[in-house]
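# Structural characterization, general
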Amino acid sequence: MNARDIEPPRAEPAFETCDKPGGSASARRRWWTLLAVSAAQLLVVLDGTIVNISLPSAQSALGMSDASRQWAITAYALAFGGLLLIGGRVSGALGHRRTFLIGLVGFAASSALGGAAVNPEMLFGARALQGAFAAALAPAGLSLLSTTFTEPRERGRAFGVFASVGAAGSALGLLAGGLLTEYASWRWCLFINVPLALIAVLGTTLVPSDRPTRGDGRLDVAGALLSATGFAAVVYAFNQAEPLGWGSLKVLTLLAGGVLLLTAFAAVEVRAPRPLLPMRLLIHRLRAGALISITLMFVAMFGFYLFMSYYTQTVLGYSPVQAGLALIINALAALVGSTLVAGKLHGRVAPAMLILPGLISAAAGMLILTRLTPQSTHVLPAHLTPALVLTGLGLGCIMPPTASLATADMHQHDIGAASAAYNASQQLGAALGTALLNTIAASATASYLASARYATPSAASVHGYTTALKVAFGILLAAACITAPLTMPRTARQNRTQENQPRPDTRRPQ
């Protein structure tokens, strides 16, 4: 296999306008695209966490059992993660703008249905519908952004804003969930999506139309079924690992089944004439580095958000609103990192010069929190604030270059699939991080209570949290080591290799 087999071709224009490329009307349309896509990104990310805070109130109002309440979270995650690759291919077939509009309207309608739920089944079904429409909305939005902004400097600013919304969305979801639940109703955690989606729909009317992908219109049915069931099984296994433990037969069966299904999916895609996810997208060096780095970053960060939520409320005694306000520090730092650092440096430095410092910055933030003890004083200024700033800056520096790399230099008909793969990486990382680090924290807490004399529940909890964060710190360092050779410019690696090789003897023979 030579380099031409791996490197994807240059992107084709996704839409045509009557304006000159440099015209003011064309520029305004481009920035309206950014506003609409950012609003949609906020919807998708926000809904991953906003319902968590309101779930106890919803459980009481609808009479959910303790065993079934997790489906309010799991139904969304399963539909979103399982249908992402299909959504990416549908986006290319129907046109990214049309798919984007369908996703927005469907997301708003399903949110309204969930807010009006009269029983648990109605809420669970609405959450699954939200996830299904989000699986179309997220790849279409990223594809629109990638095809709209092609000039390096504008692309950097656009992806910086897009990434800042994504990085801050989870933290804002926790804060918004606390405020809405405390001062309005748990139903408004779903109703709030309707006006946000309608604003995005209005903005989309100014987004230039794009052309659907030319082809026979047939869907890779085998690939669609295998990918949907495989991703759903893996995501569900990660979710079940949190309450059941990694040694549970159910979790192990789901994981094994999911891995087998995804392996079969890869085998089918290699031979399919119109694959759902062309394998050449994954073996491209820079794109592989971007997907690995964002996956491992989300593994660590969603464990970090879990720690922040539980530690601030159960140990420090913060209210849900106060805990959400503390996370605003992280959101602001992510905004600075994505817009003022990554957004301005995009195209001027190699992606590795943003991704690697971002991973190291986030790792440093995790390391600070591993020094916490039950006796720690001045926790907010001495530990939490520096950790929130460093992790936010790290996340903000990583998301713009990885999102850009995931969709850069590609044919139009492959952009939707690449966008879906990027979003799927985030979903799998978030699900795995929440389950893995929560299980580690719970096991370490139980071991500490069993072994330490005079151990208090508070001290045991802090020990469990710091143990989990040590693992998160190690994951981020491993991510830096893995992605460094993948994202490093090829010329720099070649020059360094040549410098280490012995120089040939050019002296003439005597």
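In the block above lies the structure referred to throughout.
To keep things clear, this report deals only with the structure shown in the data block. Since the model is a prediction, treat every value here as computed from it, not as a measurement.

Quick look at the packing of aromatic side chains now. Overall, the coordinates contain 11 aromatic pairs when judged by the stated rule. For the pair Phe302 and Tyr305, a centre-to-centre distance of 5.8 Å together with 80° between the ring planes defines the contact as edge-to-face. Taken together, the residues Phe302 and Tyr305, both in helix H13 (residues 285-315) and 3 residues apart, mark about one turn of the helix. In terms of burial, Phe302 and Tyr305 fall into one category: buried. An aromatic cluster is defined as three or more aromatic residues linked by ring pairs; in this entry it consists of Phe298, Phe302, Phe304 and Tyr305.

What follows is about the packing of helix H5 (residues 96-115) against helix H6 (residues 120-148). It is the contact of H5 with H6, at a shortest axis distance of 8 Å, that shows an interaxial angle of 155°. Considering their axes alone, H5 and H6 lie roughly antiparallel with respect to each other. Our pair here, H5 against H6, has a crossing hand that is left-handed. In the contact of H5 with H6, the residues fall into 15 nonpolar, 10 polar and 1 charged.

For the coordinates displayed, the defined rule picks out 1 salt bridge. A salt bridge links Asp47 to Arg127; its shortest N-O distance comes to 2.9 Å. With a gap of 80 residues between them, Asp47 in the loop between helix H2 (24-46) and helix H3 (50-62) and Arg127 in helix H6 connect regions that are remote in the sequence. Accessibility classification places Asp47 together with Arg127 in one group, the buried group.

With that settled, consider the packing of helix H7 (residues 152-183) against helix H16 (residues 379-407). Close contact between H7 and H16 brings their axes to 8 Å; oriented N to C, the two are set at 120°. Judged by the inter-axis angle, H7 sits oblique to H16. Crossing of H7 against H16: the hand is right-handed. Packed against H7, whose contacting residues are Arg155, Phe159, Gly160, Ala163, Gly166 and Ala167, the element H16 presents Leu395, Met399, Pro400, Ala403, Ser404 and Thr407 at the interface. When the residues that make up the contact of H7 with H16 are grouped by side-chain class, the tally is 7 nonpolar, 4 polar and 1 charged.

Of note, His378 is a non-glycine position whose phi angle comes to about 50°, a positive value. Tracing the chain through its elements places His378 in the loop between helix H15 (352-369) and H16.

Thresholds applied
- In this convention, every chain numbers its residues from 1, walking through the sequence in written order.
- In view of the model being predicted, local features appear only for residues whose pLDDT reaches at least 70, and side-chain atom pairs are presented and counted only at 80 or more, with totals across whole chains, interfaces and linings using the full set of residues.
- The basis for every side-chain value is the complete set of non-hydrogen atoms in the structure, without hydrogens or water.
- Note on aromatic pairs: the rings of Phe, Tyr and Trp (six-membered ring only in Trp) are paired at centre separations within 6.5 Å, and the planes decide the class, stacked below 30 degrees, edge-to-face beyond 60, tilted for the rest.
- Secondary structure follows DSSP: runs of H or I at least 4 residues long count as helices, runs of E at least 2 residues long count as strands, and numbering of each begins at the N terminus.
- Whether a residue is buried, partly exposed or exposed follows from its accessible area with a 1.4 Å probe, protein chains only, as a fraction of its type maximum: under 20%, in between, or over 50%, in that order.
- Between the N-to-C directions of two axes lies an angle of 0 to 180 degrees, each axis being a line fitted to C-alpha atoms and, for a helix, fitted only over the stretch in contact.
- Orientation labels follow simple angle bins: below 35 degrees gives roughly parallel, above 145 gives roughly antiparallel, 65 to 115 gives roughly perpendicular, and whatever is left gives oblique.
- Each helix crossing is assigned a hand: it is left-handed if the near helix lies turned anticlockwise from the far helix by less than a right angle, otherwise right-handed if that turn is clockwise.
- Residues were grouped as follows: Ala, Val, Leu, Ile, Met, Phe, Trp, Tyr, Cys and Pro as nonpolar; Asp, Glu, Lys and Arg as charged; and all remaining residues, including Gly, as polar.
- Counted as salt bridges are all cases of a side-chain nitrogen of Lys or Arg within 4 Å of a carboxyl oxygen of Asp or Glu.
- We call two residues in contact whenever any of their non-hydrogen atoms come within 4.5 Å of each other.

Shape is all these values report; function is a separate question.
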